[in-house]
Amino acid sequence: FLRGQVDGDGSFNIAFSTNRRRVTATFTLSDEIASKYALEELVKFFECGEVYDLPSEAARYQTENLEDLLTKIIPFFNQAKFNTVKQTHFEIFVKACILMRKNGYKSDKALQELVELAWDMNNEGKFRQMSKADYLAKFISAPSDKK
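Read on for a plain summary of the structure.

This brings us to the pattern of salt bridges. Two side chains carrying opposite charge are able to pair once their charged atoms lie near each other. Going through the model one piece at a time under the given rule, you end up with seven salt bridges. For Asp-68, the salt bridge is made with Lys-72, and the minimal N-O distance between the two is 3.3 Å. Here Asp-68 and its partner Lys-72 are both found in helix α3 (residues 66-77), four residues apart, which amounts to about one turn of the helix. Its relative accessible area of 26% is what places Lys-72 among the partly exposed residues. For the salt bridge of Glu-116 with Lys-132, the shortest nitrogen-to-oxygen distance reads 3.4 Å.

What you see with strand β1 (residues 10-16) is a clean split: Gly-10, Phe-12, Ile-14 and Phe-16 sit on the buried side and Ser-11, Asn-13 and Ala-15 on the side with no burial. Where β1 meets strand β2 (residues 23-32), seven bridges bridge the pair, whose relative direction is antiparallel. Note on β2: the bridge partner recorded for Ile-14 is Ala-25. Taken together, β1 and the strand that follows it, β2, pair antiparallel across an intervening segment of six residues.

This part covers the layout of surface pockets. Estimated volume of the second largest pocket: approximately 180 Å³. Contributing to the lining of the second largest pocket are Phe-1, Leu-2, Gln-5, Leu-29, Asp-31, Ser-35, Ala-38, Leu-39, Glu-41 and Leu-42. The set of elements that each furnish at least two residues to the lining of the second largest pocket consists of α1 (2-9), β2 and α2 (36-46). Ranked by residue count, the leading element in the lining of the second largest pocket is α2, at four residues.

Positive phi values are uncommon outside glycine, yet Glu-47 reaches one of about 60°. With respect to the helices and strands, the residue Glu-47 is situated in the loop between α2 and β3 (50-54). The class for Glu-47 is exposed, based on a relative accessible area of 61%.

So, about the packing of aromatic side chains. The final tally for this structure, using the stated rule, is 20 aromatic pairs. The side chain of Arg-3 reaches across the aromatic face of Phe-82, ending 4.3 Å from its centre.

Cut-offs applied
- Residues numbered from 1 in each chain as written.
- Predicted model: local features only at pLDDT ≥ 70, side-chain atom pairs only at ≥ 80, totals over all residues.
- Heavy atoms only, no water.
- Salt bridge = Lys/Arg side-chain N within 4 Å of Asp/Glu carboxyl O.
- Helix = DSSP H or I, 4+ residues; strand = E, 2+ residues; numbered from the N terminus.
- Buried < 20%, exposed > 50% of the residue type's maximum accessible area, 1.4 Å probe, protein only.
- Pairing = 2+ DSSP bridges.
- 1 Å grid on protein atoms, 1.4 Å probe; cavity = no way out; pocket = protein on both sides within 12 Å on 5 of 7 lines; lining within 4 Å.
- Points joined across faces, edges and corners; volume = space filled by probe spheres on them.
- Phe/Tyr/Trp six-rings, centres within 6.5 Å; stacked < 30°, edge-to-face > 60°.
- Lys NZ or Arg CZ within 6 Å of the ring centre and 35° of its normal.

So far we have only geometry, and geometry alone does not tell us how the molecule works.
The structure is reproduced here in structure tokens:
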């Protein structure tokens, strides 16, 4: 049941902040406000995350703690496949979370690797606030012209 809900109304997302060098992995699941209790049960089930009311008469379960994602959320959803493109997004999300745990995103190389892996997930990145090239130009140090 939960996998079907996530396939329809859930999201595995890697967010790239445009005003500072920060990358956040987030899992969300939205539902109508009348079903908020079911989302609150997810907090108990996963032992992480929070539920928020949305202005659109809906509610959202969300967790962005990397360790919770790696030890609670990802293992649960690794048990079976999604039936939509969400499976591809999930696989990218898993790789990105593992990279973030291993390498972080503070070094240029680590950030570049995360951007190349996850920038185009979720609607080919069309809702990003800037292009991939502009983001990389802003946050990746240009090689110096040492001679």
